[in-house]
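Residues per chain, in single letters:
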Amino acid sequence: MKEIIPSNFKISPRPGEPNAEQYRVRREIGQKLGDKGWLYPAIKKEYGGGSLSGGQITLLTQELEEIDLENPPYYDAGGQMSSSAIQVWATDEQKQHFLPQTTRGLKTTWLLLTEPHGGSDLASAKTQAIRNGDEYIVNGTKTWVGHDTAEPPDQFWTIVQTDPTAPRHQNLGFIIIPANLEGITIQPLETMERKKSSVFFEDVHVPAFNLIGGENNGWKVANTVMEVEHGGNGRIGKNQNMERFFEYVKSTSFNGQPISKDPDIRELLADIYIEQDVSRLFGLRNFWMRHARVRGTYEGSQSSFYGKMSGLKISGKMNQILGYFAVIGDEEKWGASNGWIEHYQRQAITAVHPGGTQDIQRTIIARRMGIGRTVKEEAAQIE
Ligand SMILES: Cc1cc2nc3c(=O)[nH]c(=O)nc-3n(C[C@H](O)[C@H](O)[C@H](O)COP(=O)(O)OP(=O)(O)OC[C@H]3O[C@@H](n4cnc5c(N)ncnc54)[C@H](O)[C@@H]3O)c2cc1C
């Protein structure tokens, strides 16, 4: 790691997005990880990954956590979702072309699914990509997408209608759209937690080669994307917010003793610890299933649902423990844990929606268990 992480690299002490300089350094770290196949370590070497085992990835994750970095060290949700689906659904030529751009850290990707008329019903996407010779002409709007990354992304991973006349689920496609094409506008969108964006497409000409999984086959591709977004790949990283919170209550005194020594507070702390640990264990189990090649059923959505709900419970208990101090943000003297706890209060609320709301996760779990249906729905294939 010494040759990859600059010796003076320090994670920003306060919440918020990395500034331009920090973002540049993170991209450099990403490319160095990519050179070794460590940026997307589970992906096969021939596509720029590392072909690493679950055990090796655990070690790599721990090394990066020593300096509070996750992998990738910058926002690349679209890269994470597209690389999984490309491995399953793309032609070999497309895999050779698109995967290394992501796995080597050369290009960043935003995930563009949600549209202004409603995000939960993904199959109702209205953005159109109509074939015209060797190109698709794209028109439509996506919203609540992206991240405040100090730089726009290099490309978008997008669900579109490829045949507006075909029946639902048979009318869709998944396409990679370079972000610098003419006719694309990115408009910032403030949310209570972070800056998102809306992206507008007006007669954008995209090479037909960029359609992944074949025309009108987008719903199958979407299922792989969703399986990953709902937690099918699992998670092994530590929960940095919880670590910061427990550190704060142990190191901060109130009425002459550390907050964590108060007997009533200790009960609440135990509740928080259990909530976050159950969530951690679901992530760990899914990570193991993924690497042991155990085909899942409802486990991804179970992990996602539990994480969303426990986040709300934990933020409520933090509030009970710290009172006003839990909601004082980026303020030198009073902001608990440099403002991270206030940030968590907002994040716990916004985290209920992305990647399928809690209602959607509940519906998926029921379908996979065969509740209300005669046939149990199968989980999508992930690679
Ligand atoms: C912080 C954040 C980050 C995001 N990042 C991205 C991103 O990177 N890319 C992207 O494409 N999108 C992103 N989104 C959008 C997100 O995916 C959508 O908000 C989400 O899919 C829900 O869609 P919606 O907001 O249109 O709500 P709606 O679909 O309109 O739902 C409104 C309410 O109705 C409920 N509901 C809807 N359908 C059902 C049903 N069938 N059964 C029961 N209840 C139902 C929902 O649970 C919700 O409570 C992000 C959103 C947030 C808040």
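Keep in mind it's a predicted model, so treat the numbers as computed, not measured. (Residues numbered from 1 in each chain as written. Predicted model: local features only at pLDDT ≥ 70, side-chain atom pairs only at ≥ 80, totals over all residues. Heavy atoms only, no water.)

On to the overall build of the protein chain. When its secondary structure is counted, the protein chain shows 10 helices and 10 strands. Against the globule reference of 21 Å for 383 residues, the protein chain gives a C-alpha radius of gyration of 21 Å, in line with a compact fold. Counting only C-alpha atoms, the protein chain reaches 75 × 55 × 40 Å along its principal axes. Here the analysis covers contacts within the protein chain between residues at least 6 apart in sequence; of these, 72% occur between residues at least 24 apart. (Helix = DSSP H or I, 4+ residues; strand = E, 2+ residues; numbered from the N terminus. Rg over C-alpha atoms; globule rule 2.2 N^0.38 Å. Contact = heavy atoms within 4.5 Å.)

Attention now moves to the packing of helix 3 (residues 77-89) against helix 5 (residues 218-232). Helix 5 packs onto helix 3 with a crossing angle of 135° between their chain directions and a minimal axis gap of 9 Å. It follows from the interaxial angle that helix 3 and helix 5 lie oblique. Along this stretch, helix 3 crosses helix 5, giving a crossing that reads as right-handed. Residues Met81, Ser84, Ala85, Val88 and Trp89 of helix 3 form the contact with helix 5, whose own contacting residues are Lys220, Val221, Thr224, Val225, Val228 and Glu229. Of the residues belonging to the contact of helix 3 with helix 5, the class tally is seven nonpolar, two polar and two charged. (Axes fitted to C-alpha atoms, helices over the stretch in contact; angles between N-to-C directions. Parallel < 35°, antiparallel > 145°, perpendicular 65-115°, else oblique. Left-handed = near helix turned anticlockwise from the far one by under 90°. Nonpolar A, V, L, I, M, F, W, Y, C, P; charged D, E, K, R; others polar.)

This brings us to the domain arrangement of the protein chain. For the protein chain, the assigned domains are domain 1 (20-103), domain 2 (109-218) and domain 3 (233-369). Each side of the interface is counted separately: domain 1 has 20 residues, and domain 2 has 19 residues. Across the interface of domain 1 and domain 2, roughly 1600 Å² is buried in total on both sides, 64% from carbon and sulfur atoms. In terms of surface lost to domain 2, no three residues of domain 1 exceed Tyr23, Tyr75 and Phe98, which account for 37% of the buried area on that side. Our count for the contact surface shared by domain 1 and domain 2 stands at one salt bridge. With its nearest N and O atoms 3.9 Å apart, the salt bridge here joins Asp154 to Arg27. Tallying contributions element by element places helix 3 first for the side of domain 1 that touches domain 2, with eight residues. (Domains from an automatic or database assignment. Buried area = accessible area lost by both parts, 1.4 Å probe. Salt bridge = Lys/Arg side-chain N within 4 Å of Asp/Glu carboxyl O.)

On to the side chain of Glu65. By secondary structure assignment, the location of Glu65 is in helix 2 (residues 54-65). Buried within the structure, Glu65 lacks any salt-bridge partner; Lys238 is the closest side chain of opposite charge, at an N-O distance of 5.1 Å. (Buried < 20%, exposed > 50% of the residue type's maximum accessible area, 1.4 Å probe, protein only. Lys, Arg positive; Asp, Glu negative; His and termini not counted.)

Turning next to the packing of aromatic side chains. On inspection of all chains with the given rule, the structure shows seven aromatic pairs. On the basis of an interplanar angle of 90° and a centroid distance of 5.9 Å, the ring pair of Phe156 and Phe201 is categorised as edge-to-face. With Phe156 in strand 4 (residues 155-161) and Phe201 in strand 7 (residues 195-207), this pair connects stretches of sequence that are 45 residues apart. Assigned by exposure class, Phe156 and Phe201 land together as buried. (Phe/Tyr/Trp six-rings, centres within 6.5 Å; stacked < 30°, edge-to-face > 60°.)

The next subject is the site of the ligand. As a structural note, the neighbourhood of the ligand is formed by 19 residues, with Thr114, Gly119, Ser120, Thr357 and Asp359 the closest of them. Interatomic distance of 3.2 Å between a side-chain N/O atom of His353 and an oxygen atom of the ligand. In the environment of the ligand, an oxygen atom lies 2.5 Å from a nitrogen or oxygen atom belonging to the side chain of Asp359. Considering the ligand on its own, with 980 Å² of exposed area, one finds that the protein chains cover 68% of that surface. Looking at the shell around the ligand, the elements that each hand over two or more residues are strand 1 (109-112), strand 3 (135-145) and helix 10 (358-369). Taken domain by domain, the makeup of the shell around the ligand includes at least three residues from each of domain 2 (109-218) and domain 3 (233-369). (Near = heavy atom within 4 Å. Polar contact = N/O pair within 3.5 Å; in protein donor to acceptor, adjacent residues only side chain to side chain. Areas by Shrake-Rupley, 256 points an atom, 1.4 Å probe, with all protein chains shown as cover.)

Cis peptide bonds are those with omega within 30 degrees of zero, and the linkage from Asn71 to Pro72 qualifies with -5°. Within the element layout of this structure, Pro72 appears in the loop between helix 2 and helix 3. One non-glycine residue, Trp144, lies in the positive phi region at around 60°. The topology assignment puts Trp144 in strand 3. In this model, His169 sits at a positive phi of 75°, which is unusual for a non-glycine residue. Here His169 shows up in the loop between strand 4 and strand 5 (172-178). Judged by relative accessible area, His169 falls into the partly exposed class, the value being 33%.

Glancing now at the environment of Ser120. For Ser120, the position within the fold is in the loop between strand 1 and strand 2 (128-132). Spatially, the C-alpha atom of Ser120 lies 29 Å from that of Glu135, the residues being 15 residues apart in sequence. Setting aside residues no more than four positions away along its own chain, Ser120 makes contact with Thr357 and Ile360.

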